[in-house]
Every structure is written in structure tokens, then in C-alpha cells.
There are 2 protein chains.
Amino acid sequence: MMDRRVPEAVIRRLPKYYAKLSELESQGVIRISSMQFSQKIGFNASQIRQDLNYFGGFGQQGYGYIVQNLRENLGEILGLYSGKSMVIVGCGNIGTALANYNDFAQRGFHIIRMFDKDKTLIGNSINNIPIDDIDSLEEFLESNHVDIGIIAVPKKYAQDVADVFIQKGIKGIWNFAPVDITANNVVVEDVRLNDSLFALNYKMINEIYDY
Amino acid sequence: MMDRRVPEAVIRRLPKYYAKLSELESQGVIRISSMQFSQKIGFNASQIRQDLNYFGGFGQQGYGYIVQNLRENLGEILGLYSGKSMVIVGCGNIGTALANYNDFAQRGFHIIRMFDKDKTLIGNSINNIPIDDIDSLEEFLESNHVDIGIIAVPKKYAQDVADVFIQKGIKGIWNFAPVDITANNVVVEDVRLNDSLFALNYKMINEIYDY
């Protein structure tokens, strides 16, 4: 599937729909109207319908959505459960937290190796993920297929790590270093804690509770 | 200031404008056209103008923006440097990573105390932030003004921590547990790593490199 017209904001809402549907499914909900779904998730019903229409709709007038069906369709659109391999560079607190987060593997995103330059860590493992020497990263990427490279190093090393990922053909970079990564024809997803904190603060100042 | 009409997407872009302007300012850039700014930040120029118009504009036709001026104005709108106090509950990898992230304090967000239930951690400190017993959280919040409560505990404890925050009058919750927090008249900002990873994956599948 190839659809460049889906706006960024819609892409950002898809995982939220997916998460809420998973929750409803685990609660045994079979069917939900767009109005009920709207109340559960806090977006308005017409926006939900409009968002889902980018992908074919899925609902039926006056009937609503079959929860499991919509969850599975969104999972497919998001490319979940298709078996993606990831590596983490940096075994500090962020890298360790990510390695311990089992939810990724449950969705089909497998962390297959970690890398660090700290010789005392090399040979150890975190959550059964082996830690290798950063010097062996290039070789590892040459002999193993890796879809997503995770950057969890201090910001001064972030671009160097990204350059290795790009050079070795990785197509997605998940960047936790607080710095811009320059990359062409590679998807870079930055997790910027400042942005999140500043948005929180803006809403507090302006007493916005309802998004 | 009280403006409920500013859309969520605009609020989310403000911190990105702020970050890019800070970077430009540190590079010695004095003035920038909306077109140049657009190229630097990757949003289109009319969107930037439209976003800034929610707050009065700041630019001049045919002249552009004074970088420092716009950065300062956005900093004020975002409520930076006004001295906010925060506490972290949970001293695992995420809590520790946040405590070590000095950038928050530089923007006026001060972590004044951490809490954990692990008795071996209590009395220690991380990045000069003392760790107290979770049992003393309520008392601490009664005798100290805290603006933002950070949840960095496993998901099964997240709502309990949130309930204490809310009961003690905290107005903003920054939630790193992968679970929905229920709160009225409190701003909750969830950091959901799955959402970020799934959006990255969607863009990879669809070869979307240009947002």
C-alpha cells in the first residue's frame, strides 16, 4: 500500500485507535458505534469516520464497527505482527528501558541485539538481548537483516550512529537522542521529551483538559 | 492567557518551532524569512504563519522573523523559564533517565524529589535529586508545591500514583506508564512508545520520508 496523502495527524491517531480497540476487545466488546467509540477515545465521531475513510471506512451506517475486525484491519495497515527486527545502540537508562519493554515483541517488533562501547557491558545481556561491542555494529548489520535502528546514545554520538545505520541500508531510525538526525530516504522518528513536556505545560497554563 | 481554540496539532508544533529557533539562535542567525524557516523545519510556510497567527503573528511582511524575538515569545507562550517543580515516582530505568536529563532544568522545569518503594534506593540520590520512600509522597505533596507529577512506575501502579497526585492538587501529570490515566481537571500527557514506533513503521511501509 502506498498512500502519501494520509496526513501526519491521521497517522498519529491510528496507533491510538488501535490501542483503544485492543482494550475494548480484551474487555469483550464485540461491536461499537462511532459515537460510543468517540466517547471512549475522546476524538469526535466525524473525525474518526473521516480518518478511517482514508483506508476504506470499515463501518456500517447505523451499525458501527466490529471491534476485532477494525482492530485487525488497523493492525495490518500499521504493519504490526509482520516480524520487524530492531537493534539498540546505547545501553544506558533509555536503551535498557526499551530492552525491558516486552510489549514491542508482542506486536512483532523484535530487538535482536544491543550495542555499547562500555567494555564491561559487552557479553552481558538485557532481557535476553545480547550486548555487543559498538565496533562490531557495521559487521552485524552486513550479516543480519535489521529493519529499525534505535539510537539511545548521548546526542554528540547520535549522527555517527545514524550514518552507520543509513550506510548499511536500515530504513527506519527511532531516535531517542535530543538532537536532529539528518537522513535521506530513511524514516526518522524522534522521541523528543521536551516537546511532550512543553505541550503539557502549555495545556496546564491554558487549562486545556479536553484533548 | 486562555485560548481553548488553539488546535492540538498547533500546540504540538509550538515546541518544535521553539527548538528550531533555539538552534538557529545558537548558530548566530538574527533574522529568517518564513520561507527559509519552513525549509529548515520541514513544515510549509503558510502553516507556520497560520500557527503563529493564533498568538499574534510576530512576523513582518517581506521581512520575516527576528529569531531571538520569536524564540522568546514562543518560550513565554509555552510557559518556559517560569520555574515549575516536578516529582518523579519510580526510580527504574525511565525514572533514572528522566532524572539525568539536565535539559529540563535549563528550561525551568525542576525535579525536586523522586520516590520509590525499593528500600535500598531510599536515601540515595540520582543527579542530586533525593529519593524518598513512596509512603511519604502524600506528606511531601502537602508541604511542598509541586506543579507536575511524573509517573514512571509499572502500569499496574500508575492509576494509584495518579490518584495521589490528583488528590493533593497536582495539575499536570506526565505519564510514562503504558496505560490510560483517568483524571478530571488535570492535564495528562501520555508518552506512548508504541504509538511512536507504530507511526514510524507505517511511514516505512509507505515510504513516507517527508514529514
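Before any of the text, the structure's been laid out above.
Description of the structure in this document. Note that the coordinates shown come from a computational prediction; the quantities given were computed from them, not determined experimentally.

About the cut-offs
The residue numbers shown here count from 1 along each chain, following its written sequence. Labels are handed out in written order, letters beginning with A for the chains and numbers beginning with 1 for the ligands. This being a predicted model, a pLDDT of at least 70 is required before a residue's local features are given, and a value of 80 or more before pairs of side-chain atoms are given or counted; all residues contribute to the totals for chains, interfaces and linings. Excluded from the side-chain calculation are hydrogens and water; included are all heavy atoms of the structure. By this definition, two strands are paired if DSSP reports at least two bridges between them. Only DSSP runs of H or I covering at least 4 residues are called helices, and only runs of E covering at least 2 are called strands; the numbering of each starts at the N terminus. Here, residues are in contact when the closest pair of their heavy atoms is within 4.5 Å. Lines fitted to the C-alpha atoms define the axes, with helices restricted to the stretch that makes contact. Angles between their N-to-C directions range from 0 to 180 degrees. Working definition: a ring pair exists when centres of Phe, Tyr or Trp rings (six-membered ring for Trp) sit within 6.5 Å. Plane angles under 30 degrees give stacked, over 60 give edge-to-face, the rest tilted. Each residue is assigned to one of three classes by its accessible area relative to the maximum for its type, calculated with a 1.4 Å probe on protein chains only: buried under 20%, partly exposed between the two thresholds, exposed over 50%. Ring-over charges, as used throughout, are those where CZ of Arg or NZ of Lys falls within 6 Å of the ring centre and within 35 degrees of the ring normal. Every case where a carboxyl oxygen of Asp or Glu lies within 4 Å of a side-chain nitrogen of Lys or Arg is listed as a salt bridge. By arc we mean the arc of the directions from the helix axis to the C-beta atoms, nothing more. By definition, the buried area sums, over both parts, the 1.4 Å-probe accessible area that each loses when the two are put together. Polar contacts here mean pairs of N or O atoms no more than 3.5 Å apart (in protein, one a potential hydrogen donor and the other a potential acceptor; neighbouring residues in sequence count only if both atoms are side-chain atoms). Copy-to-copy superposition: least squares on the C-alpha atoms, limited to residues that have pLDDT of at least 70 in both copies. Crossovers are marked right-handed if the path from the first strand over the helix to the second runs clockwise, as seen with the strands pointing away from the viewer.

1. Thoughts on the sheet that holds strand S7 (residues 148–151) of chain A
Here comes step 1: Taken in spatial order, the seven strands line up as S5-S6-S4-S3-S7-S8-S9 (chain A) in an open sheet, and their pairing is mixed. Both outer strands of the open sheet, strand S5 (125–126) and strand S9 (187–190) of chain A, are each paired with one neighbouring strand and no more.
Here comes step 2: Contacting strand S3 (84–89), strand S4 (109–116), S7, strand S8 (172–175) and S9 of chain A, helix H9 (residues 193–205) of chain B crosses the sheet at an angle of about 155° to S8(A).

2. Observations concerning the packing of aromatic side chains
Here comes step 1: The full count for this structure, using the stated rule, is 20 aromatic pairs over all chains.
Here comes step 2: Look at A:Phe109 and B:Phe198: their rings are 5.9 Å apart centre to centre, the planes differ by 25°, and that puts the pair in the stacked class. With A:Phe109 in strand S4 and B:Phe198 in helix H9, the pair connects residues from two separate chains.
Here comes step 3: Exposure remark for B:Phe198: the relative accessible area of 2% places this residue in the buried category.
Here comes step 4: An aromatic cluster of three or more residues is present, and its members are A:Tyr101, A:Phe104, A:Trp174 and A:Phe176.
Here comes step 5: A cation over a ring is seen here: A:Arg31 above A:Tyr63, with NZ or CZ 4.1 Å from the ring centre.

3. Notes on the sheet that holds strand S3 (residues 84–89) of chain B
The strands making up a sheet associate through hydrogen bonds between their backbones, and the pairing can be parallel or antiparallel.
Here comes step 1: Reading across from one edge, S5-S6-S4-S3-S7-S8-S9 (chain B) is the order of the seven strands in this open sheet, with mixed pairing throughout. The sheet is open, and its two borders are formed by strand S5 (125–126) and strand S9 (187–190) of chain B, each paired with just one other strand.
Here comes step 2: As judged from the four bridges shared by strand S8 (residues 172–175) of chain B and S9(B), these two strands associate in the parallel manner. Bridge pairing in S9(B) places B:Trp174 opposite B:Glu189.
Here comes step 3: Contacting S3, strand S4 (109–116), strand S7 (148–151), S8 and S9 of chain B, helix H9 (residues 193–205) of chain A runs over the sheet at an angle of about 155° to S8(B).

4. Quick look at the pattern of salt bridges
All names here are of chain A.
Here comes step 1: Across all of its chains, the model carries 28 salt bridges over all chains by this definition.
Here comes step 2: Residue Arg-192 is joined to Asp-180 by a salt bridge in which the shortest nitrogen-to-oxygen separation is 2.3 Å. Of this pair, Arg-192 sits in the loop between S9 and H9 while Asp-180 sits in the loop between S8 and S9, and the two are twelve residues apart along the sequence.
Here comes step 3: On the basis of relative accessibility, which here comes to 23%, the residue Arg-192 falls in the partly exposed class.

5. Concerning helix H3 (residues 45–53) of chain A
Residues and elements named next belong to chain A.
Here comes step 1: Taken as a whole, H3 has its buried residues at Ala-45, Ile-48, Asp-51 and Leu-52. End-on, the buried residues of H3 take up no more than an arc of 125°, which puts them together on one face. Among the exposed residues of H3, those oriented more than 90 degrees off its buried face are Gln-50 and Asn-53.
Here comes step 2: Contact partners of the buried residues in H3: helix H1 (8–26), helix H2 (34–41), strand S2 (65–66) and helix H4 (67–77).

6. Focus: the interface of chain A and chain B
Here comes step 1: Counting from both sides, the interface comprises 66 residues of chain A and, opposite them, 66 residues of chain B.
Here comes step 2: Taking both sides of the interface into account, the surface hidden between chain A and chain B amounts to around 6100 Å²; carbon and sulfur atoms contribute 63%.
Here comes step 3: By the criterion of area lost to chain B, the three top residues of chain A are A:Phe198, A:Tyr202 and A:Tyr209, representing 12% of everything that side buries.
Here comes step 4: Along the contact surface separating chain A from chain B lie six salt bridges.
Here comes step 5: Between B:Asp195 and A:Lys16 there is a salt bridge, with its nearest N and O atoms 3.2 Å apart.
Here comes step 6: Counting across the interface, chain A meets chain B through 18 residue pairs in polar contact (both at pLDDT 80 or more).
Here comes step 7: At the level of elements, H1, S3, helix H5 (93–99), helix H6 (103–106), S8, S9 and H9 of chain A are the ones that each hand at least two residues to the side of chain A that touches chain B.
Here comes step 8: The element contributing the most residues to the side of chain A that touches chain B is H9(A), with 13 residues.

7. As for the relation of the copies chain A and chain B
Here comes step 1: Its rotation angle being 180°, the transformation that places chain A on chain B also includes 0.0 Å of axial translation and leaves an RMSD of 0.0 Å. Here the symmetry operator amounts to a two-fold rotation axis. Within chain A, A:Asn93 has its C-alpha nearest the rotation axis, a separation of 2.4 Å.
Here comes step 2: Of all interface residues in chain A, 100% are interface residues in chain B too; the two copies therefore contact each other through one and the same surface.

8. Brief notes about the pairing of S8(B)
All names here are of chain B.
Here comes step 1: Side chains of S8 alternate between two faces, with Gly-172 and Trp-174 and Ile-173 and Asn-175 buried alike.
Here comes step 2: Pairing analysis gives four bridges linking S7 to S8, with the strands arranged parallel. Each residue of the ladder has a partner; that of Ile-148, found in S8, is Gly-172.
Here comes step 3: Handedness of the crossover joining S7 and S8 through helix H8 (residues 155–167) is recorded here as right-handed.

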